[in-house]
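Residue-level structure breakdown
Spelled out, the chains give:
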Amino acid sequence: ATCAGAFAQLVQAPAELKKLDWLLGTWEGKVAWTMPGMSGDSTMTMKSEWDGAFFKSVSTTDMGGMKSVETGYGWYDKDKKLYKFCTFTNFAPTPRFESGTFENDTLTMVSDPWETGMPGPATVARATMVKKSATEATFMLEFKNGDKWDKVAEGKFQKKK
């Protein structure tokens, strides 16, 4: 029993990561895209849960017959005081690594440069999720363009369960 108790302590998420508990469950929303070569509305479903000490999020986006699926795992880097995510998607040949903060009900994550599967140089993305209530959130995705950020997607989500 002692080993089992020690193991259970090893897989507990730190208190900082538990601050994302409000995101647990299934969320649905509409996202408007405005990026070169792709614009329009999409439907997005995001399911978040604990997977051991990791925050796991699986999102599915359906935009006019194109379906993207992303699976991400999050953790908290105590030394750097940053939230971290590693996300795999069927629209990119490499995973996306992100770091960020959660302050004032706003989770802001900025990616390392990554190959998105689109032509051109690696992309740096910034994703912002704002908790509006226990069952409402907003989302914005931006891509870095030189010294500025271009908004490429924006939407609202409702918690379903």
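Residues numbered from 1 in each chain as written. Predicted model: local features only at pLDDT ≥ 70, side-chain atom pairs only at ≥ 80, totals over all residues. Heavy atoms only, no water.

A few words now on the packing of aromatic side chains. Going through the model one piece at a time under the given rule, you end up with eight aromatic pairs. Aromatic side chains W22 and W27 sit 6.0 Å apart centroid to centroid with 85° between the ring planes, which places their arrangement in the edge-to-face category. Assigned by exposure class, W22 and W27 land together as buried. Aromatic ring contacts, followed pair by pair, group W22, W27 and F102 into a single cluster. Over the aromatic face of W114 sits the side chain of R96, whose NZ or CZ is 5.0 Å from the ring centroid. (Phe/Tyr/Trp six-rings, centres within 6.5 Å; stacked < 30°, edge-to-face > 60°. Buried < 20%, exposed > 50% of the residue type's maximum accessible area, 1.4 Å probe, protein only. Lys NZ or Arg CZ within 6 Å of the ring centre and 35° of its normal.)

Another aspect to go through is the layout of surface pockets. Gaps left between atoms show up when a probe the size of a water molecule is rolled over them. If you add up the space inside the largest pocket, you get close to 940 Å³. In terms of lining residues, the largest pocket is bounded by 37 residues, among which M44, E70, R96, F139 and L141 are the most central. (1 Å grid on protein atoms, 1.4 Å probe; cavity = no way out; pocket = protein on both sides within 12 Å on 5 of 7 lines; lining within 4 Å. Points joined across faces, edges and corners; volume = space filled by probe spheres on them.)

Let's shift gears to the nonpolar core. In globular proteins that are soluble, nonpolar side chains generally tend to be buried together. In terms of nonpolar packing, the biggest core is built from 30 residues, with L20, W22, L23, M129, F139 and L141 touching the most fellow members. Mapped onto this core, the elements with two or more residues apiece are β1 (25-35), β2 (38-51), β3 (54-63), β5 (82-89), β7 (106-111), β8 (125-131), β9 (136-145) and β10 (148-159). Considering each element in turn, this core owes the most residues, four residues, to β9. With residues near it in sequence (within four places) discarded, L141 still touches W33, A125, R126, A127, D150, K151, V152 and A153. (Core = buried A, V, L, I, M, F, W, Y, C linked by side-chain atoms within 4.5 Å. Helix = DSSP H or I, 4+ residues; strand = E, 2+ residues; numbered from the N terminus. Contact = heavy atoms within 4.5 Å.)

This brings us to the confidence of the model for the protein chain. Per-residue pLDDT for the protein chain averages 88, and the proportion of residues at 70 or more is 91%. Looking over the protein chain, one finds the lowest element-wise mean pLDDT in helix α1 (residues 2-10), namely 52, and the highest in β7, namely 97. (pLDDT = per-residue confidence, 0-100.)

Here we come to the pairing of β3. The side chains of a regular strand alternate between the sheet's two faces. Pairing analysis gives nine bridges linking β3 to strand β4 (residues 66-77), with the strands arranged antiparallel. Residue S57 lies in a different strand from β4, and its bridge partner there is G72. Two successive antiparallel strands, β3 and β4, enclose a turn made up of two residues, where G64 displays a positive phi of approximately 55°. (Pairing = 2+ DSSP bridges.)

Further remarks concern unusual backbone geometry. Positive phi outside glycine occurs at N104, with the angle close to 50°. Inspection of the secondary structure puts N104 in the loop between β6 (96-103) and β7. Since its relative accessible area comes to 74%, N104 is described here as exposed. Positive phi outside glycine occurs at D105, with the angle close to 65°. Its relative accessible area of 38% is what places D105 among the partly exposed residues.

Once that is clear, we can look at the environment of G120. Inspection of the secondary structure puts G120 in the loop between β7 and β8. Each C-alpha atom, one on G120 and one on D150, is 16 Å from the other, the two residues being 30 residues apart in sequence.

Moving on: the pattern of salt bridges. Scanning all chains against the criterion turns up five salt bridges. E70 is the partner of R96 in a salt bridge, and the nearest nitrogen-oxygen pair spans 3.0 Å. You can see R96 sitting in strand β6 and its partner E70 sitting in strand β4, a full 26 residues away along the chain. We note a salt bridge from D150 to K148, for which the minimum N-O separation is 2.7 Å. For K148, a relative accessible area of 47% gives the class partly exposed. Within the structure, one salt-bridge network assembled from shared partners comprises E70, R96 and E98. (Salt bridge = Lys/Arg side-chain N within 4 Å of Asp/Glu carboxyl O.)

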